[in-house]
Every structure is written in C-alpha cells, then in structure tokens.
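Chain residues, written in single-letter form:
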Amino acid sequence: MASVAVHEDRSPRRRLWRSPRRVEEGELSPERAARRLAAWAEDAARQERWLASRGGGLEAPLLGAGGGILRLRDFLPLEAAENTLRVLEALPESVWSLSEQGGDANAAEHRFWSADVADVPQLAPLRGVFWRLLPTLRGEPTLPIFSCGRYGASDHIGRHNDEGDTPIFGPGNIFSRKVAAIWHLTREWQESEGGALVDLQPEGGGSISHVPIFNSLVVFEVPHWHAVSRVTAERYRYSIFGWWHQKKVAGGPG
Ligand SMILES: O=C(O)CCC(=O)C(=O)O
Ligand SMILES: [Fe+2]
C-alpha cells in the first residue's frame, strides 16, 4: 500500500482501516460487554487485588464518614463501568418498570425507571462485587440488593432518607436497609441536565448538590435525608443503586 494518499483519503472506509481500535470500541456490542464484565467479576483474585489497591472495602470509609455522604471517584475499573453502561443502554424496554408515587406519608414523591439486578442475567456478576465491598458491617453480615436505575426527562425523587424494611423468605424475616450506594453511570453529565443527588443533611447544614460523575460511587449510612432533582435533559441518566441490608432484631432499632 502506497503511503502518499493516506492523509488525503477521508473516505469512511479508509478511516476504518486506519483506526481499527477505535472502531472496535465504538461498536462494543452489549453481548460482548456482558462477557467482559463477567470475565472480570468472576476473577476473584483480580477483584481482591483491585479492592486492596483502593484500600479495602467500604466499612472503614463509612465508619469514618460519621453518617455523611461519601463520593468515591473512579470506583470500579473503567472497563467494568463502560461494560455495565453498555448493558444498561441496550436493555429491552420490557425490563424497565416505572416507579411512580404522588407522595404521601409513607413514601417520597418520585418517578423513575428501575429493574432488579437479579432479573438482568448480564449483570448477575455485579452481585458478587457488591457483596465483596461490604460483607459485614459492625460485625453483622449484610445482604446487598441492587437495582438498575434510569431517569428520563422530569424524573426525580423528593426528600427521603432511604429507611425501609423488606421481608425476605417470609414475613417473619425482616431485613432493614443499612447502607445506601449509587454507582452513577452516565458519561459527562452536566449540572444543566438536572438529576443531581442533593444531600439535604450535610455537615454544617443547608444542602449540597452532587452532579453524577461517571463511575463514581455515592455511599452513606441509612437514614440520611437526600433527594434527586428533576432531570431536564432529553437523555437518560443511568445508575446501579441499592442497599446493604441487615436482619432486623425483634424489638430492636430499625
Ligand atoms: O440516583 C441517585 O443519585 C439517588 C437515588 C436514590 O436516592 C434512591 O434510589 O433512593
Ligand atoms: Fe435514596
């Protein structure tokens, strides 16, 4: 192949030939993303190395935060975040269910789309990852239950503190939410697009808006007052969100 014409030839075909790596990334199929995510999540030794490189699990930073909201940037390996986002973007509409509530004494006003991670086989590997992040809290085992989140135009959550009990394996077996986490997964989200996570209980009072940052984890102990401001963008804001639960002791605190 003569080299002279390379700079002049702007045909798409020539550009494909010149940068195969970029083309490959642009065309990452959701199936391939899911396979890569599984390969990473199933490699326990690799995950332990990655956890150790970030100073261990979440318990120590949580206990150090004294009930405040923590934001951990570059939370999982970049590739894991990209693969998860690719899977979320490609989920069929039928997987998403609309959660909508006008607001009453029991629940904050809200509207957004969610899907249980357990119902999305491509994301099943993440369950082990979340479990490894916080297997116990204050000496008691935890049960992580996570969902996929999708907020479209005007979606939001009003003021709430995440407190909640869930019966698991029967009504006598109640688990309470103890630690909340939101893994934000939309690229280059701007303040002007709305959808901020608003901390309504920051140290020193007032409120602090956190614009979602791709591949950052927001984590805090429950209860903590917060909200999600209305999305104004015409694109979806994606996340993986949920809670580590602990078994509720009869007659004990929530
Ligand atoms: O998506 C977020 O930033 C927060 C979500 C939230 O507060 C919730 O699902 O309870
Ligand atoms: Fe919340």
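Predicted, not measured: the structure shown is a model, and the values here were computed from it. Throughout, a residue's number is its position along its own chain's written sequence, starting from 1. Chains and ligands are labelled sequentially in the order written, the chains with letters from A and the ligands with numbers from 1. Whole-chain, interface and lining totals are the exception, using all residues; otherwise, since this is a predicted model, local features are given only for residues with pLDDT of at least 70 and side-chain atom pairs are given and counted only at 80 or more. The side-chain figures draw on all heavy atoms in the structure; neither hydrogens nor water molecules are used.

1. Quick look at the nonpolar core
Counting residues in hydrophobic clusters, the biggest one holds 44 residues, and the most contacted among them are Leu58, Leu123, Trp183, Val219, Ile240 and Trp244. For the purposes of this section, nonpolar cores are sets of buried Ala, Val, Leu, Ile, Met, Phe, Trp, Tyr and Cys residues that join through side-chain atoms within 4.5 Å. Partly exposed describes any residue whose relative accessible area lies between the buried limit of under 20% and the exposed limit of over 50%, with all areas from a 1.4 Å probe on protein chains only and scaled to the type maximum. If you look at the next biggest cluster of nonpolar residues, it comprises 17 residues, including Ile69, Ile157, Ala180 and Val231.

2. Here we look at the packing of helix H3 (residues 30–41) against helix H6 (residues 78–90)
For helices, the fitted line uses only the C-alpha atoms of the stretch in contact; every axis is such a line through C-alpha atoms, and the angle between N-to-C directions lies from 0 to 180 degrees. Numbering goes from the N terminus for both helices and strands, where a helix is a DSSP run of H or I of at least four residues and a strand is a run of E of at least two. Two elements in contact, H3 and H6, have axes whose closest approach is 8 Å; the angle formed by their N-to-C orientations is 140°. As the angle between them shows, H3 and H6 are arranged oblique. Seen along the crossing, H3 lies across H6 with a hand that is left-handed. Judged by residue contacts, Pro30, Ala33, Ala34, Arg36, Leu37 and Trp40 of H3 engage Glu79, Ala80, Asn83, Thr84, Arg86, Val87 and Ala90 from H6. Ten residue types, Ala, Val, Leu, Ile, Met, Phe, Trp, Tyr, Cys and Pro, are classed as nonpolar, four, Asp, Glu, Lys and Arg, as charged, and the remainder, Gly among them, as polar. Classifying every residue of the contact of H3 with H6 by side-chain character gives 8 nonpolar, 2 polar and 3 charged. For classification purposes, angles smaller than 35 degrees are called roughly parallel, those larger than 145 roughly antiparallel, those between 65 and 115 roughly perpendicular, and all remaining angles oblique. Two helices that cross are described as forming a left-handed crossing if the nearer one is turned anticlockwise from the farther one by less than a right angle, and a right-handed crossing if clockwise. Throughout, a residue-residue contact means that at least one pair of heavy atoms, one from each residue, lies within 4.5 Å.

3. Looking at the site of ligand 1
For each residue, the test is whether any non-hydrogen atom lies within 4 Å of the molecule or strand; if one does, the residue is near. Surrounding ligand 1, one finds Tyr151, Ile157, His160, Asp162, Ile182, His184, Leu197, His226, Val228, Arg237, Phe241 and Trp243. Any pair of nitrogen or oxygen atoms within 3.5 Å is treated as a polar contact; in protein, a donor-acceptor pairing is required on top of that, and neighbouring residues in sequence qualify only through side-chain atoms on both sides. In the model, an oxygen atom of ligand 1 is placed 3.1 Å from a nitrogen or oxygen of the Asp162 side chain. The separation between an oxygen atom of ligand 1 and a polar side-chain atom of His184 is 2.8 Å. Computed with a 1.4 Å probe, the accessible areas rest on the Shrake-Rupley method; for each residue, only the protein chains presented here act as cover. Protein chains bury 97% of the 300 Å² of accessible surface belonging to ligand 1 in isolation.

4. Focus: the coordination of the iron ion (ligand 2)
At this site the iron ion (ligand 2) is bound by His160 (NE2), Asp162 (OD) and His226 (NE2), with donor distances of 2.1 to 2.2 Å. Ordering the donors of the iron ion (ligand 2) by residue number gives the pattern H-x1-D-x63-H. Residue Asp162 is found in the loop between strand E7 (156–160) and strand E8 (165–167), and its partner His226 is found in strand E13 (residues 226–228); the two are separated by 64 residues along the sequence. Here the two residues Asp162 and His226 agree in accessibility, since each one is buried. Distances decide who is a donor: an N, O or S atom must be within 2.8 Å of the metal, or within 3.2 Å for Na, K and Ca. Water is not included, so sites may look incomplete.

5. So, the UniProt feature "domain: Fe2OG dioxygenase" (unreviewed entry) in the protein chain
UniProt positions are given in the numbering used here, feature names are shortened, and annotations may be inferred rather than shown by experiment. When the UniProt feature table is mapped to this numbering, "domain: Fe2OG dioxygenase" (unreviewed entry) covers residues 141–246. Secondary structure content for residues 141–246 is 0% helix and 51% strand, and the end C-alpha separation is 7 Å.

6. Points about helix H4 (residues 44–53)
Among the residues of H4, Gln47, Trp50 and Leu51 are the ones counted as buried. Along the long axis of H4, the arc covered by the buried residues comes to 100°, so they all point the same way. What points out from H4, more than 90 degrees from its buried face, is the exposed set Arg49, Ala52 and Ser53. Its buried side turned inward, H4 meets H3 and helix H7 (125–133). A positive backbone phi angle near 85° is found at Gly55, which sits one or two residues after H4. Each direction from the helix axis to a C-beta atom contributes to the arc, which is the arc of those directions.

7. What to know about the side chain of Glu221
For Glu221, the location among the structural elements is in strand E12 (residues 216–221). Assessed through its relative accessible area of 15%, Glu221 is described here as buried. A polar contact is formed between the side chain of Glu221 and the side chain of Arg138, at a distance of 2.8 Å.

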